[in-house]
Amino acid sequence: MVHRAAVVGGGHTRFGVLDEGPRALVRSAVDRALGSVDRGIDRRSIGLGYLATLGFGGWQIGNASALLGEEAGMPGLPSVRIENACASGGFALQAAVSSIQAGASEVVLVVGLEKMTDVSNARRRFWLGVSGDTEWERQAGLTFAGVYGLIADRYLKIHAVPREALATVAVKNHANGALNPNAHFQKRVTLDEALAAPRVADPLGLYDCCPVSDGAVALLLTSVELAPRFTDAPVYVDGIGASSDFLAVQERFDLTRFDATRRAAEAAFRSADTERGKISFVEAHDCFTIAELLALEDLGFAGRGEAGALTLSGATGRDGRLPVNPDGGLKAKGHPIGATGVSQAYEVFLQLRGSAGARQVPGARTALTHNVGGAGATSAVTIFSAG
Amino acid sequence: MRAIVQAAAYVPAWTDRGRRVRGPDEDPFSMAASALERVARERRAAEPRWTVRVAGTAPSPAGSGFAELLGGPVDVSEGRPGLAGFEEAVAIALRGTGTEFVVALDLDPDPAGPPSRHVVIPSEGAVAFRIDEFPDGGRPPVDLGHLPSGPYVIPGLFARHRALAPGGRYGWVGDWDTDLRAGRPSGPLATRPPGVPPPRVSEGAYVPRPRYLEGLASRWRFVCDRCSACGNVTFPSRGRCRTCAREDSLEARALPLDGGRVLATTWIGRGGQPTEFDAQVEASGPYGVVIVELEPGVRATLPVADAGPGEIRIDDTVGTRLRRLYPIDGEWRYGRKAVPLASNGPSATAA
């Protein structure tokens, strides 16, 4: 039989410039996840582990998943490393869901990790572009800020959207991040500050870009049948969808649309057998402010060219019609590459259990996470509901 | 009749105290390539090999580089440098057979030369001739008196070449394609010092040499695959249609090098560049990157050269030139960059 998967525990380190190394971050996230399980859990009941990480800086490029068992106090744990750039976490989560569905293990551990701030500036700038198309985009002098800068330039021009729409994404996500004790930036910014910041990759300025962060997140998944053993308040995974696209943006059929996200969203909604109007809030992949606008359109929450107006209307604020990134998003919470997709699901775990504190979305019952690798080359969309 | 059927001069767009100088991403190979490709647009037909005669030492990566640029095997020969070597190479090519090219760099004007005729010779840049069979009684040779005069016009060359042709056995036909881009560039670019970054082993996204070479047909000549089954174009070429996945229905074709339309632009500020572009940013500051539509639905992501922020915008028409990209493993990698498409200098036409 096909089991349904449920999240029964989660642990999240602080995101930001941290003293801890990657091993300590993994240990901390796993210990917090184990400690979060309402009825307790024996770590030996975990039968399978997935580690999502890019291996930023080259710290442990090969075989990194072995340290899951080492650091989680579970020597011998079968483990796999999943790497889809910034979408590694979302894809690792979906691999864990599939493993539960297939009955491969009763309890599966998913850990997302990135340690990014302990390398030299030169090495960091080398690694920031390694997941784009190497032979064309990178050789043209682009990192992701540049690729998204090109997309933003075209988007703003053809849809006649003002830069204020981008800045409003930053202002909103910083306001949400200010309420998240794990966020890298817990400080509000004003529209004027966001608009006046120096340009990184025109038209994108400093406040249009997510920061470079350290952090790790762990989730524990089991089947819906076994979930009551661990908690009365599990969060169900209702549907998953994933897709890919041409690695280089120049080969896509449309420059201001991520078809991978469109296909992933269609598949996720189909498998969850639900519709957009029933989603309480969205965790969108806002590595750059323009990405949140594209996400709203590609996920089907706004028509083409309309995400700017939707954002300017306040509809995506925490108290709006469709809250987007109540945890601050990648923009304010931070973006430790491999950790991000797992962190999005962690926020869903908190929100759907009503334990998100000051940033709680009132009455949240269903949620969607959207995790993108590179500039839309891979995309994972997952839909959850309160158990 | 054997004739100089086409000629082109490439002159850098940069100036320093009123003198033309090479840009920070230019070198003898990229300048020779820019002149050479202008006179080699006709695809090779029956001739499997072409000859490229260089006045002086062929700039690296000469042999393999010229072959890639011209889309097939070439024999490269070297001769004496300077104006004298250029004339000598032209004379040899005019006595030869088949398609030959003559390329010259660093042709310092010889003030003592005979002042009878005028020809555009840059003191920095490159000149290329295509010398080929030309039907007797075809278009009459161009009157060299119609060649443009200007800061690069120096006396000499053609008068002496004509002297090689008693009885008019060969002559001059076709356009003089100057590519001088009069008036460009303006603003700060024009006075920025053209420091050339030293080759160094870069800590860059790694494209191994074989993969770089494999991609050159698309990177340097914009070769794409058109699928006769579904009609879609795959660029860069990958030996399989990106739409219908067929491999047996592809027809290789070179897209136009100039005249593409800009779809999107960005300017990478100081500190936002990948590591391997550090030397370039040190030399010439922030740089642009554009997505250019080469023909409807076919796009290339290209760095911008010879233009500052705001000088290239969406919907502009741009040209492309071969330039240095960045050094890796101790060698330079080259690729096309988008440049402002400005008016060429006046052309010499048939009288």
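The structure presented is a predicted model; accordingly, all values stated were derived computationally and were not measured.

Here we come to the sheet that holds strand S10 (residues 366-373) of chain A. All names here are of chain A. Read from one edge of the open sheet, nine strands run S3-S2-S4-S7-S1-S8-S11-S10-S9, paired in mixed fashion. Each end of this open sheet is capped by a strand with a single partner; those strands are strand S3 (79-82) and strand S9 (281-283). Strand-to-strand twist in this sheet, taken as the mean axis angle between neighbours without regard to direction, amounts to 25°. In the sheet, strand S2 (residues 46-52) pairs with strand S4 (residues 107-114) via six bridges, with the strands oriented parallel. Paired with Tyr50 across the bridge in S4 is Val110. Set on the sheet, helix H3 (residues 88-102) makes contact with strand S1 (5-12), S2, S3, S4, strand S7 (215-223), strand S8 (235-244), S10 and strand S11 (378-386); between it and S11 the angle comes to about 55°.

Residue and element names in this part refer to chain B. Within strand S17 (residues 317-328), eleven of the twelve residues are buried, leaving the element largely enclosed by the surrounding structure. As defined by bridge partners, strand S14 (residues 260-268) adjoins S17 across two bridges and the pair is classed as antiparallel. The residue of S17 that forms the bridge with Arg261 is Thr317. Sheet analysis places S17 next to strand S18 (residues 331-340), joined by ten bridges and oriented antiparallel. Bridge pairing links Pro327 to Trp332 in S18.

For the rest of this paragraph, the subject is the pattern of salt bridges. Counted by the stated rule, this structure contains 45 salt bridges over all chains. Here Glu106(A) makes a salt bridge to Arg229(A), at a shortest N to O gap of 3.8 Å. Remark: Arg229(A) occurs in the loop between S7 and S8 and Glu106(A) occurs in the loop between H3 and S4; sequence separation between them is 123 residues. Relative accessible area serves as the criterion here: at 45%, Glu106(A) is assigned to the partly exposed category. Between Glu266(A) and Arg276(A) there is a salt bridge, with the nearest N and O atoms lying 2.9 Å from each other. With Glu266(A) in helix H8 (residues 259-272) and Arg276(A) in the loop between H8 and S9, this pair connects stretches of sequence that are ten residues apart. A relative accessible area of 41% places Glu266(A) in the partly exposed class. Linked by salt bridges that have partners in common, Asp25(B), Glu26(B), Asp306(B), Arg323(B) and Lys337(B) make up one network.

It is worth spelling out unusual backbone geometry at this point. Cis geometry marks the peptide bond from Asp202(A) to Pro203(A), where omega comes out at 5°. Position of Pro203(A) among the secondary structure elements: in the loop between strand S5 (199-201) and strand S6 (204-205). Ser60(B) connects to Pro61(B) through a cis peptide bond whose omega is 5°. Relative to the helices and strands, Pro61(B) resides in the loop between strand S4 (50-55) and helix H2 (62-70). The backbone of Asn63(A) shows a phi angle near 65°, a positive value even though the residue is not glycine. Positionally, Asn63(A) belongs in the loop between S2 and helix H2 (66-71). Positive phi, normally seen in glycine, also occurs at Asp306(B), with a value near 60°.

Turning our eyes to something else, we now look at the environment of Leu191(A). All names here are of chain A. Its place among the elements puts Leu191 in helix H7 (residues 191-196). Judged by its relative accessible area of 34%, Leu191 is partly exposed. Placed 82 residues apart in sequence, Leu191 and Asp273 show a C-alpha to C-alpha distance of 39 Å. Those residues in contact with Leu191 that lie beyond four places of it in its chain are Glu164, Ala167, Thr168 and Val171.

Given two aromatic rings, their pairing is described by the distance between the two centres and the angle made by the two planes. All names here are of chain B. Here the structure, examined in full by the defined rule, presents 15 aromatic pairs over all chains. Between Trp220 and Tyr334, the ring centres sit 6.4 Å apart and the planes meet at 85°, which makes this aromatic pair edge-to-face. Linking Trp220 in helix H6 (residues 216-221) with Tyr334 in strand S18, this pair joins segments that are 114 residues apart in sequence. You'll find Trp220 and Tyr334 in the same group, each marked buried. Put simply, the rings of Phe29, Phe66, Trp220 and Tyr334 pair up and form one aromatic cluster. The ring of Tyr212 carries the charged tip of Arg333 above its face, separated from the ring centre by 4.5 Å. Residue placement shows Arg336 over the ring face of Phe222; its charged tip is 5.7 Å from the ring centre.

Moving on, we get to the pairing of S4(A). All names here are of chain A. Within S4, eight of the eight residues are buried, leaving the element largely enclosed by the surrounding structure. Side chains Val107, Leu109, Val111 and Leu113 of S4 all project onto a buried face; the interleaved residues Val108, Val110, Gly112 and Glu114 project onto the opposite face, where all are buried too. Note: S4 against S7, seven bridges, orientation antiparallel. Within the sheet, the bridge partner assigned to Val111 lies in S7 and is Ala218.

Right, let's talk about the interface of chain B and chain A for a bit. Counting residues at the interface gives 41 residues for chain B, matched by 31 residues for chain A. Regarding the contact of chain B and chain A, the summed buried area is about 3400 Å², with carbon and sulfur atoms giving 53% of it. Of all residues in chain B, the largest losses of buried area upon contact with chain A belong to Arg242(B), Arg299(B) and Thr301(B), amounting jointly to 18% of the total for that side. The interface formed by chain B and chain A includes three salt bridges. Residue Arg125(A) pairs with Asp278(B) through a salt bridge whose shortest N-O separation is 2.7 Å. There are 17 residue pairs in polar contact (both at pLDDT 80 or more) connecting chain B and chain A. Breaking the side of chain B that touches chain A down by element, the ones donating at least two residues are H6, S14, strand S15 (287-295), strand S16 (298-303) and S17 of chain B. Broken down by element, the side of chain B that touches chain A gets its largest block of residues, six residues, from S14(B). A class-by-class count of the residues in the side of chain B that touches chain A yields 21 nonpolar, eleven polar and nine charged.

This part takes up the domain arrangement of chain B. All names here are of chain B. Examined at the domain level, chain B breaks down into domain 1 (2-179), domain 2 (209-254) and domain 3 (260-344). A combined buried area of about 1300 Å² lies between domain 1 and domain 3, and 45% of that area is made up of carbon and sulfur atoms. Of all residues in domain 1, Pro24, Asp25 and Asp27 give up the largest surface area on contact with domain 3, accounting jointly for 34% of the area buried on that side. Applying the counting criterion to the domain 1 and domain 3 interface returns five salt bridges. Per element, the largest residue contribution to the side of domain 1 that touches domain 3 is six residues, and it comes from helix H1 (residues 28-38). A breakdown of the residues in the side of domain 1 that touches domain 3 according to their chemical character gives eight nonpolar, four polar and seven charged.

About the thresholds
- Residues numbered from 1 in each chain as written.
- Chains lettered and ligands numbered in written order.
- Predicted model: local features only at pLDDT ≥ 70, side-chain atom pairs only at ≥ 80, totals over all residues.
- Heavy atoms only, no water.
- Pairing = 2+ DSSP bridges.
- Helix = DSSP H or I, 4+ residues; strand = E, 2+ residues; numbered from the N terminus.
- Axes fitted to C-alpha atoms, helices over the stretch in contact; angles between N-to-C directions.
- Contact = heavy atoms within 4.5 Å.
- Buried < 20%, exposed > 50% of the residue type's maximum accessible area, 1.4 Å probe, protein only.
- Salt bridge = Lys/Arg side-chain N within 4 Å of Asp/Glu carboxyl O.
- Phe/Tyr/Trp six-rings, centres within 6.5 Å; stacked < 30°, edge-to-face > 60°.
- Lys NZ or Arg CZ within 6 Å of the ring centre and 35° of its normal.
- Buried area = accessible area lost by both parts, 1.4 Å probe.
- Polar contact = N/O pair within 3.5 Å; in protein donor to acceptor, adjacent residues only side chain to side chain.
- Nonpolar A, V, L, I, M, F, W, Y, C, P; charged D, E, K, R; others polar.
- Domains from an automatic or database assignment.

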